[in-house]
Amino acid sequence: TERVSAVEGVENVSVEMGAMDEAQKKALREKLYEPDFQALTVVDFSDLAQSCKTYDEFIGRMAQVPESTLQYFGVAVCGAKKKVNKLTGSLPLLR
């Protein structure tokens, strides 16, 4: 008999949350543009995204707002462990 997880698609991986102030979040976002980190998947959580009700609204508003004006609440980075650690390894963990 095959045993199936109760929650399909959930992997057994650790997720670490680094504590960052606003300047550190913006600096992390800037580093993600470097060629060494292009293979990483990034999802950021901004004040603009939080205020939109649909993805179309978000895309339209993002096209009109300079990135420098965004306030980031968080940045999720997924990819090769070595690359992610290179970016986030020196951050204190969120407690």
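Numbering of residues starts from 1 in each chain and follows the order in which that chain's sequence is written. Whole-chain, interface and lining totals are the exception, using all residues; otherwise, since this is a predicted model, local features are given only for residues with pLDDT of at least 70 and side-chain atom pairs are given and counted only at 80 or more. Calculation of side-chain values draws on the structure's entire complement of heavy atoms; hydrogens and water are dropped beforehand.

Taken together, Val43, Phe45 and Phe73 make up a surface patch of nonpolar side chains, about 280 Å² in accessible area. Numbered from the N terminus, helices here are DSSP runs of H or I no shorter than four residues, and strands are runs of E no shorter than two. On the secondary structure map, Phe45 appears in strand E1 (residues 41–46). Patch membership requires over 30% relative accessible area and the absence of a salt bridge. Like charges are linked within 9 Å, and nonpolar side chains (Val, Leu, Ile, Met, Phe, Trp, Tyr) within 5 Å. Residue-level accessible areas treat just the shown protein chains as cover; the underlying method is Shrake-Rupley with a 1.4 Å probe. Should a side-chain nitrogen of Lys or Arg be within 4 Å of a carboxyl oxygen of Asp or Glu, the pair is scored as a salt bridge.

Centres within 6.5 Å are what make two rings of Phe, Tyr or Trp a pair, Trp counting through its six-membered ring; a difference in plane orientation under 30 degrees is then read as stacked, over 60 as edge-to-face, and the rest as tilted. For the structure on display, the rule yields 1 aromatic pair. An angle of 40° between the planes, with centres 6.0 Å apart, marks the rings of Tyr55 and Phe58 as tilted. One end of the pair, Tyr55, and the other, Phe58, are both in helix H3 (residues 55–62), 3 residues apart, so they sit about a helical turn from each other. Given a relative accessible area of 58%, Tyr55 falls into the exposed group. Residue burial is assigned from relative accessible area. The probe radius is 1.4 Å, only protein chains are included, and a residue is buried under 20% of its type maximum, exposed over 50%, and partly exposed in between.

In this section: the side chain of Lys25. One can find Lys25 in helix H1 (residues 22–31). Counted charges follow a simple rule, with Lys and Arg positive, Asp and Glu negative, and His plus the chain ends left uncounted. Put simply, Lys25 is tucked away with no salt bridge, and the nearest opposite charge, on Glu22, sits 4.2 Å away. Each residue touching Lys25, except ones within four places of it in the same chain, is listed here: Met20, Tyr72, Phe73, Gly74 and Val75. Contact between two residues is taken to exist if any of their heavy atoms lie within 4.5 Å; hydrogens are not considered.

With that out of the way, let us pick up the confidence of the model for the protein. In the predicted model, the protein carries a mean pLDDT of 79, and the fraction of residues at 70 or more is 78%. Confidence per residue, as judged by the predictor, is encoded in pLDDT with a range of 0 to 100. Note that pLDDT drops below 50 for residues 1–5; the model gives that stretch 0 contacts with residues more than four away or on any other chain.

A separate point is the pattern of salt bridges. Following the criterion strictly, the structure yields 5 salt bridges and no others. Linking Asp36 and Lys83 is a salt bridge whose minimum nitrogen-to-oxygen distance equals 2.5 Å. Of this pair, Asp36 sits in the loop between H1 and E1 while Lys83 sits in helix H4 (residues 81–88); the two residues are 47 residues apart in sequence, bridging distant segments of the chain. Among the salt bridges present, the one from Asp36 reaches Lys86, with a minimum N-O distance of 2.9 Å. Of this pair, Asp36 sits in the loop between H1 and E1 while Lys86 sits in helix H4; the two residues are 50 residues apart in sequence, bridging distant segments of the chain. According to the relative accessible area criterion, Asp36 is partly exposed, its value standing at 31%. A residue is classified by how much of its surface remains accessible, and Lys86, at 58% relative accessible area, is exposed.

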